[in-house]
Amino acid sequence: MNPLYFDNNATTRVAPEVLEAMLPYFTEYYGNPSSMHTFGGTVGRQINDARTKLADLLGASPEEIVFTSCGSESDNTAIMAALRSNPEKKHIITSRVEHPAVKNLCEYLAKTGYRVTFVPVDHKGRLDMEYLIRHLTDDTAIASFMWANNETGVIFPIDDLAGILSERGIIFHTDAVQAVGKVPIDVKKTRIDMLSLSGHKLHAPKGIGALYVRKGTKFSPFLIGGHQEKGRRGGTENVASIIGLGRASDFVAAHMTEENTRIKSLRDKLETQLVQKIPNALVNGDTDNRLPNTSSIAFEFVEGESILLMMNEFGICASSGSACTSGSLEPSHVLRAMGVPFTAAHGTIRFSLSIYNTEPEIDLIVEKLPPIIARLRTMSPFWKDTCGHTA
Ligand code: PLP
């Protein structure tokens, strides 16, 4: 059975044109880009070509791009670089809804002598800007706020944040892993110091990421080793994947308009029809300001995991909460931070689309899901008790 793949915030399909661009770097051009010979040097030039393509996607200069192994490494590198470059400063500010790559690192740092402020969000997942401003101090070494939330798609006010932070001379890192390729980004217009991204969220393979580091930003490497990436990240380059990320940058740039029109309208159709057909279905997050591909819907009084299992029988792939938290029955920290009630958080499903999704797939989900929820609710004593409904 071909999957009906609606889990693109977890990972995306490698685009065929991306794979095609990568293949020669396994078979033909296998030289080490650091080698003195022409065979390796050719590969080095192709890496720089990929760097330019990625830089163009962000409005950056090629020298401002550091290739890493994933979004998590980029996040860790950015935060640790800011702390190491400003050893006298001991305060970090971030939000309560960050991905574990930022959240768990900050919690770890809080145990090792740093003071961390986790800025709250409201019931729609919007950042409390007044709280944030009140908690900035001369001791703040770094502010790390995600561009777009992986679970709800809610977009933070990055321009406003950049303005506030640069005025105070605070290093601003944004985890843009979910935003790159889905919404336009131009680091020339917005004063971001560091920006993380990950290849597998934009139709490149898993195991490749990048960090944008604005020219002039004090930096120290996270992975200490050879002179690769101008000494900013040791380790022989993941050549084929870097080539893939370069090709994927062109690919998502070419599809950006489609992302914001066709995919958005498919997402809206899915969401509207599910909410119409299923009682007690609520959309999580700020629907006026979110990624065009993401829909987080709470089906009250059922278990998200049970919904996933039953959808799986029809080949429908989605997530409950974020992929990184599934496997644990704790409601996601994002929905908890938004104050989503327990009975809704537990029944939340995230659908995340890509350019490969089609209208017939939407129609199939809209046909299959309402009876699944109805069936699960007949087994839920809580549903009967709370709502007085029975099968
Ligand atoms: N940041 C966000 C917002 C994410 O959604 C993810 C992955 O889901 C990451 C960071 C981590 O990226 P990676 O899987 O490449 O380490």
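It should be noted that the structure appears before, not after, this text.
Computed from a predicted model, the values in this text were never measured in an experiment.

Chemist: Please provide a residue-by-residue account of the sheet that holds strand β7 (residues 194-198), values included.
Modeler: Pairing within the open sheet is mixed, and its seven strands lie in the order β2-β8-β7-β6-β5-β3-β4. Every interior strand has two partners, whereas the edge strands, β2 (65-68) and β4 (115-119), have only one. Neighbour to neighbour, the strand axes of the sheet diverge by 20° on average, direction disregarded. One ladder, built from five bridges, connects strand β3 (residues 91-95) with β4; its direction is parallel. Residue pairing for β4: Ile93 is matched across the bridge by Thr117. Together, β2, β3, β5 (140-144), β6 (171-175), β7 and β8 (209-213) form the strand contacts of helix α4 (residues 71-85), whose direction differs from that of β7 by roughly 165°.

Chemist: Go over the nonpolar core with me, naming the residues and quoting the values.
Modeler: In this structure, Trp147, Leu195, Phe299, Phe351 and Leu369 are the most contacted members of the largest nonpolar core, which totals 95 residues. No fewer than three residues from each of domain 1 (4-10 + 255-377) and domain 2 (16-251) sit in this core.

Chemist: Any details on the environment of Glu73? Residues and values, ideally.
Modeler: Considering the arrangement of structural elements, one finds Glu73 in helix α4. For Glu73, a relative accessible area of 9% corresponds to the buried category. A C-alpha to C-alpha distance of 8.0 Å links Glu73 and Ala101, two positions 28 residues apart in sequence. Not counting the four nearest positions on each side in its chain, Glu73 is found in contact with Thr68, Phe222, Leu223 and Arg233.

Chemist: Quick rundown of the side chain of Gln228? Include the residues and the values.
Modeler: Note on placement: Gln228 falls in the loop between β8 and α8 (239-277). Classification of Gln228 by relative accessible area gives buried; the value is 10%. Among the polar contacts listed, one links the side chain of Gln228 to the backbone nitrogen of Gly235, at a separation of 3.1 Å. Those residues in contact with Gln228, other than ones at most four positions away along the chain, are Ser34, Arg233, Gly234, Gly235, Thr236 and Glu237.

Chemist: Can you tell me about the sheet that holds strand β9 (residues 281-283), naming the residues and giving the values?
Modeler: In spatial order, the strands read β9-β10-β12; together these three strands make up an open sheet with antiparallel pairing. Looking at which strands have only one partner, the edges of the open sheet turn out to be β9 and β12 (348-352). The mean inter-strand angle of the sheet, taken between neighbouring strand axes irrespective of direction, is 25°. Sheet analysis places β9 next to strand β10 (residues 294-299), joined by three bridges and oriented antiparallel. Bridge pairing in β10 links Leu282 to Ala298. In the packing of α8 onto the sheet, contacts are made with β9, β10 and β12, and the angle to β10 comes to roughly 10°.

Chemist: Talk me through the packing of aromatic side chains; I want residue IDs and the actual numbers.
Modeler: Evaluation of the coordinates by the stated rule reveals two aromatic pairs. Each ring, one from Tyr25 and one from Tyr29, has its centre 5.3 Å from the other, and the planes form 40°; the classification is tilted. Judged by relative accessible area, Tyr25 falls into the buried class, the value being 12%. Ring centres of Tyr30 and Phe39 lie 5.1 Å apart, and the angle between their planes is 75°; this geometry places the pair in the edge-to-face category.

Chemist: Hey, could you go over the packing of helix α3 (residues 38-58) against α8 for me, with residue numbers and the actual values?
Modeler: Where α3 meets α8, the axes come as close as 8 Å, and the angle between the chain directions of the two elements is 30°. As far as their axial angle goes, α8 and α3 are roughly parallel. Crossing handedness for the pair α3 and α8: left-handed. Here Val43, Gln46, Ile47, Ala50, Lys53, Leu54 and Leu57 of α3 lie close against α8, whose contacting residues are Val239, Ile242, Ile243, Leu245, Gly246, Arg247, Ser249, Asp250, Val252, Ala253 and Met256. Broken down by class, the residue content of the contact of α3 with α8 amounts to twelve nonpolar, three polar and three charged.

Chemist: Describe in detail α4, supporting the description with residues and values.
Modeler: Its 15 residues give α4 an end-to-end C-alpha distance of 21 Å, which sits within 8% of 21 Å, the value for a rise of 1.5 Å per residue. Burial analysis of α4 places 13 of its 15 residues in the buried class, the great majority of the element.

Chemist: Tell me about the packing of α4 against helix α5 (residues 100-110), and name the residues and values.
Modeler: Here α4 crosses α5 at 35°, and the two axes come no closer than 9 Å. Considering how the two elements wind past one another, α4 and α5 form a crossing that is right-handed. From α4, Ser72, Asp75, Asn76, Ile79, Met80 and Leu83 reach across to α5, where they touch Ala101, Val102, Leu105, Cys106 and Leu109. Here the residues of the contact of α4 with α5 are counted per class, giving eight nonpolar, two polar and one charged.

What counts, and where the lines are drawn
- Residues numbered from 1 in each chain as written.
- Predicted model: local features only at pLDDT ≥ 70, side-chain atom pairs only at ≥ 80, totals over all residues.
- Heavy atoms only, no water.
- Pairing = 2+ DSSP bridges.
- Helix = DSSP H or I, 4+ residues; strand = E, 2+ residues; numbered from the N terminus.
- Axes fitted to C-alpha atoms, helices over the stretch in contact; angles between N-to-C directions.
- Contact = heavy atoms within 4.5 Å.
- Core = buried A, V, L, I, M, F, W, Y, C linked by side-chain atoms within 4.5 Å.
- Buried < 20%, exposed > 50% of the residue type's maximum accessible area, 1.4 Å probe, protein only.
- Domains from an automatic or database assignment.
- Polar contact = N/O pair within 3.5 Å; in protein donor to acceptor, adjacent residues only side chain to side chain.
- Phe/Tyr/Trp six-rings, centres within 6.5 Å; stacked < 30°, edge-to-face > 60°.
- Parallel < 35°, antiparallel > 145°, perpendicular 65-115°, else oblique.
- Left-handed = near helix turned anticlockwise from the far one by under 90°.
- Nonpolar A, V, L, I, M, F, W, Y, C, P; charged D, E, K, R; others polar.
- Expected span 1.5 Å × (residues − 1).

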